Amino acid sequence: MKRLALCLLQICLPLVFMSCGKDSEERVYNLQGQIMVDGLKRTFLLDLPPHYYDSAGFDLVIALHGTGGNADQCKRDYGWSPKASQAGFLVAYPNGIRSNGPLGIRTWNAGGCCGYAQQNQVNDVKFISMLIDYLADNYRVNRKRVYVTGMSNGAMLSYRLACEVPGKIAAVAPVSGTLMSTSPCNPSRPVPLLHIHSELDTLVPYQGGIGIGGYYFTPVDSALQLWAGIDKCSNGPETVTDNEKYTVTRWSNCQDETTVIRYLTKDGGHSWPGGLKARPGADNPSTAINATDVIWDFFRQYTLR
């Protein structure tokens, strides 16, 4: 009998360890993925929070890099993955289309900007829309709590997405960009919007005008006034905070309890406040605020109705 028990134990133990090893291997938290859009292979990174496999219904933040950046750079420099791990949401980093030039610069088609993607009319709205569906279908995403943020050219695409696919996005937060859509912006629902910019930015000037690449950029105040009209805000602009580091302006009493908010820092430049320099020679990030913390506090207030 003892010999039989010993044999059974010898048979079962490997099965137990094999099962544990397989389960452990399946619990991947940092993924690379791709989907096909209009015959183009579009790639992205996805980070899952530590308790992902033990729960469901997670919020999703999509973070869009700027011109010349990429998914890895966006993940490294802006602090979204540590925030997602701590707060318990998913964060995706899509890649803009790569140019066919020697530098292979990645850009987004935001309408009136930028670079290869805009010149070749790459359908980045379709890409992000399809990516949202793909992630919601294949991961534990709450479709009513999907948010988009972006830096520079990525911020411009954030605006365009809010204009064109508002039914998939609960709120947006552009950083150091502006509204560059060439089509009328008539979203089917009010979209909460938080805009962050530095008054010292010369590449995408806050006051508007010619900036990086020789593009003419829309004044940010014009974009925000337009958005306050879209959201049917009856109050504002109202200065909420004004100190030596930054000002906060708010448009309130908007339809469906949405809000339009602007943070304007007095330091930094064309950079992600509280983040890292994207590359040598880039503007120093503002130390007045941590944009990632401010944006997440804004996002988590909103759910698609």
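A look at the layout of surface pockets
Part 1: Considered as a void within the structure, the largest pocket measures approximately 510 Å³ in volume.
Part 2: What lines the largest pocket is a set of 31 residues, among which G66, T67, G68, I212 and R279 lie closest to the centre.
Part 3: For the lining of the largest pocket, the elements supplying multiple residues, two or more each, are α2 (71-78), α4 (115-119) and α6 (153-164).
Part 4: In terms of residue class, the lining of the largest pocket is made up of 15 nonpolar, 13 polar and three charged.
Part 5: Here the second largest pocket is characterised by a volume of approximately 190 Å³.
Part 6: Residue lining of the second largest pocket: R189, P190, P192, D256, E257, T258, Q301, Y302, T303 and R305, and that is the complete set.

What about the packing of α6 against helix α7 (residues 220-230)?
Part 1: Viewed as axis vectors pointing N to C, α6 and α7 meet at an angle of 20 degrees, and their least axial separation amounts to 13 Å. Taken together, the axis directions place α6 and α7 in an arrangement best described as roughly parallel. In terms of crossing hand, the pair formed by α6 and α7 is left-handed. Here Y159, A162 and C163 of α6 lie close against α7, whose contacting residues are A223, L224 and W227.

Section: the nonpolar core
Part 1: In this structure, L60, I62, L64, L90, I128, L161 and W227 are the most contacted members of the largest nonpolar core, which totals 47 residues.
Part 2: Top contributing element to this core by residue count: helix α5 (residues 124-138), with seven residues.

Re the confidence of the model for the protein chain
Part 1: Confidence in the prediction for the protein chain averages 92 pLDDT; 92% of positions are at 70 or higher.
Part 2: A low-confidence stretch, residues 1-25 stays under pLDDT 50, and its non-local contacts, those more than four residues away or across chains, total one contact.

Some words on the packing of helix α3 (residues 80-87) against helix α8 (residues 291-299)
Part 1: The N-to-C vectors of α3 and α8 enclose an angle of 45 degrees; their axes lie 10 Å apart at closest approach. Considering the angle they form, α3 stands oblique to α8. Our pair here, α3 against α8, has a crossing hand that is right-handed. Along its contact with α3, which presents W80, K83 and A87, the element α8 presents T292, D293, I295, W296 and F299.
Part 2: The residue makeup of the contact of α3 with α8, split by class, is five nonpolar, one polar and two charged.

Things to note about empty space enclosed by the protein
Part 1: Throughout the structure, instances matching the rule amount to one cavity of 30 Å³ or more.
Part 2: There is about 40 Å³ of room inside the largest cavity.
Part 3: The wall of the largest cavity is formed by V175, S176, I196, H197, S198, T265, D267, G268, G269, S271, P273 and S286.
Part 4: Of all the elements, strand β9 (residues 193-198) adds the most residues to the lining of the largest cavity, at three residues.
Part 5: Looking at side-chain class alone, the lining of the largest cavity contains three nonpolar, eight polar and one charged residues.

Describing the pattern of salt bridges
Part 1: Following the criterion strictly, the structure yields 16 salt bridges and no others.
Part 2: Close ionic contact of K126 with D38 constitutes a salt bridge, the shortest N to O distance being 2.7 Å. Separated by 88 residues along the polypeptide, K126 in helix α5 and D38 in the loop between β1 (30-37) and β2 (40-47) bring together distant segments of the chain.

Cut-offs and rules
- Residues numbered from 1 in each chain as written.
- Predicted model: local features only at pLDDT ≥ 70, side-chain atom pairs only at ≥ 80, totals over all residues.
- Heavy atoms only, no water.
- 1 Å grid on protein atoms, 1.4 Å probe; cavity = no way out; pocket = protein on both sides within 12 Å on 5 of 7 lines; lining within 4 Å.
- Points joined across faces, edges and corners; volume = space filled by probe spheres on them.
- Helix = DSSP H or I, 4+ residues; strand = E, 2+ residues; numbered from the N terminus.
- Nonpolar A, V, L, I, M, F, W, Y, C, P; charged D, E, K, R; others polar.
- Axes fitted to C-alpha atoms, helices over the stretch in contact; angles between N-to-C directions.
- Parallel < 35°, antiparallel > 145°, perpendicular 65-115°, else oblique.
- Left-handed = near helix turned anticlockwise from the far one by under 90°.
- Contact = heavy atoms within 4.5 Å.
- Core = buried A, V, L, I, M, F, W, Y, C linked by side-chain atoms within 4.5 Å.
- Buried < 20%, exposed > 50% of the residue type's maximum accessible area, 1.4 Å probe, protein only.
- pLDDT = per-residue confidence, 0-100.
- Salt bridge = Lys/Arg side-chain N within 4 Å of Asp/Glu carboxyl O.

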